[in-house]
Structures are given as structure tokens and as C-alpha cells.
Amino acid sequence: MTTTSRSSRIGLVLLLSVLLAACASGGQRSPRDQMLYDYVSAVRWSDFDAAVKFLDPELLAREPMTDLERERYRQFQVSGYEVKSASEPAEGEYQQVVEIRVVNRHTQVEKVLTDRQRWRWDPEAKRWWLASGLPDLDAAR
């Protein structure tokens, strides 16, 4: 085996190692992005009972969710969720505007909601909370 051939193989192995390491670390999400991913998953599956767990405890203390509200959310199936814009107005704050399409399970009528989400970082709990509440099902675009 020649020196050039051996160097080429070593270079190729090093390059593949670097590429594999880059791919492995690329899957890591920030705590905020992971929280948003988990929340979106709950909403897209119309699992509003799970989505409630993302609500800011301060909001829930002021405005606890009633059984009637829970039943109202169960009446809808989410058919689309698209983030239209996002911003960080200040450290520890995150806002996004989301278009959510929902279908009423009883009437099969679809409507489009614009959900203006406001998230806040809780340094004590070390997590993000949805401070703006769940989407308003009565507000259509």
C-alpha cells in the first residue's frame, strides 16, 4: 500500500467520523424547542388534556379550566398547525403566531384559528410555560 493511498484512507475515515459526530449532535433541541415540539404534538393530536400541562401555573391559578371547557376542546379535531411567525421580545420570553385548523366533530365544519402564543421561561422550574392559554376555539379568522 502506498503512502498516498494510506493517507487518503485515513483522511476518509477522519472525515466520516466528523460527519457522524455532526449528525449525532444535530438532533439536540434546546429546552424551549423541545417544549414547543411536545406542545405541538399534543395539540396536533387534539390531546388538549396533555396541552393543559404546558399552561403557566399562575394562569391556571387565576383561571382554572372547567369541565365544560375541557368538553368544548374534545369537540374539535385539529387538522392543521402552522407557525406563521416567531420572536423573542426579551430574554426569557418567546412569542409565536400560529394558524390552527380545527374541525368540529359534530358538524364536520372546519375553521381556521389564529393563536397568539406567549411563552415564558421559569428559572425555578427550569422550563417554559404557555402564559397565553390554550387556543380560543371561538375566535375564527
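The paragraphs below set out a description of the structure included in this document. These figures come from a predicted structure and were not determined experimentally. (Residues numbered from 1 in each chain as written. Predicted model: local features only at pLDDT ≥ 70, side-chain atom pairs only at ≥ 80, totals over all residues. Heavy atoms only, no water.)

1. So, the pattern of salt bridges
Line of reasoning, step 1. Within the structure shown, the criterion is met by eleven salt bridges.
Line of reasoning, step 2. As a salt-bridge pair, Arg120 and Glu58 come within 3.6 Å of each other at their nearest N and O atoms. Residue Arg120 is found in strand E3 (residues 110–122), and its partner Glu58 is found in helix H4 (residues 57–62); the two are separated by 62 residues along the sequence.
Line of reasoning, step 3. Classification of Glu58 as partly exposed rests on a relative accessible area of 49%.
Line of reasoning, step 4. Within this structure, Asp49, Arg70, Glu71 and Arg74 form a network of salt bridges that share partners. (Salt bridge = Lys/Arg side-chain N within 4 Å of Asp/Glu carboxyl O. Helix = DSSP H or I, 4+ residues; strand = E, 2+ residues; numbered from the N terminus. Buried < 20%, exposed > 50% of the residue type's maximum accessible area, 1.4 Å probe, protein only.)

2. Remarks on the layout of surface pockets
Line of reasoning, step 1. By volume, the largest pocket amounts to about 330 Å³.
Line of reasoning, step 2. In this structure, the largest pocket is lined by 16 residues; those nearest its centre are Glu63, Met65, Glu69, Tyr73 and Leu134.
Line of reasoning, step 3. Broken down by secondary-structure element, the contributors of at least two residues to the lining of the largest pocket are H4 and helix H5 (67–74).
Line of reasoning, step 4. Here the lining of the largest pocket takes three residues from H5, the largest share from any one element.
Line of reasoning, step 5. Class assignment for the residues of the lining of the largest pocket results in nine nonpolar, two polar and five charged. (1 Å grid on protein atoms, 1.4 Å probe; cavity = no way out; pocket = protein on both sides within 12 Å on 5 of 7 lines; lining within 4 Å. Points joined across faces, edges and corners; volume = space filled by probe spheres on them. Nonpolar A, V, L, I, M, F, W, Y, C, P; charged D, E, K, R; others polar.)

3. Structural notes on the sheet that holds strand E1 (residues 76–87)
Line of reasoning, step 1. As summarised here, the arrangement of the four strands in space is E1-E2-E3-E4, forming an open sheet in which the pairing is antiparallel. Strands at the two margins of the open sheet, each flanked by one partner only, are E1 and strand E4 (127–130). Geometrically, the sheet is characterised by an average inter-axis angle of 30° between neighbouring strands, direction not taken into account.
Line of reasoning, step 2. In this sheet, E4 lies alongside E3 in antiparallel orientation, the contact comprising four bridges. Following the sheet pairing, Asp122 is matched in E4 by Arg127. (Pairing = 2+ DSSP bridges. Axes fitted to C-alpha atoms, helices over the stretch in contact; angles between N-to-C directions.)

4. Let's talk about the packing of aromatic side chains
Line of reasoning, step 1. Considering all chains together, one arrives at four aromatic pairs under this definition.
Line of reasoning, step 2. Here the aromatic rings of Tyr39 and Trp119 are separated by 5.3 Å at their centres, their planes lie at 80°, and the arrangement is edge-to-face. With Tyr39 in helix H2 (residues 31–44) and Trp119 in strand E3, this residue pair connects regions lying 80 residues apart in the sequence.
Line of reasoning, step 3. Pairwise contacts between aromatic rings join Tyr39, Phe54 and Trp119 into one cluster.
Line of reasoning, step 4. The ring of Tyr37 has Arg29 sitting right over it, with the charged end atom 3.9 Å from the ring centre. (Phe/Tyr/Trp six-rings, centres within 6.5 Å; stacked < 30°, edge-to-face > 60°. Lys NZ or Arg CZ within 6 Å of the ring centre and 35° of its normal.)

5. Side note on the nonpolar core
The tendency in soluble globular proteins is for nonpolar side chains to be buried side by side.
Line of reasoning, step 1. Counting residues in hydrophobic clusters, the biggest one holds 28 residues, and the most contacted among them are Tyr39, Val43, Ala51, Tyr81, Ile100, Trp119 and Leu134.
Line of reasoning, step 2. For this core, the elements supplying multiple residues, two or more each, are H2, helix H3 (48–51), E1, strand E2 (93–104), E3 and E4.
Line of reasoning, step 3. By residue number, the principal contributor to this core is H2, which donates six residues.
Line of reasoning, step 4. Excluding its chain neighbours within four sequence positions, the residues that come into contact with Val43 are Phe48, Ala51, Val78 and Tyr81. (Core = buried A, V, L, I, M, F, W, Y, C linked by side-chain atoms within 4.5 Å. Contact = heavy atoms within 4.5 Å.)

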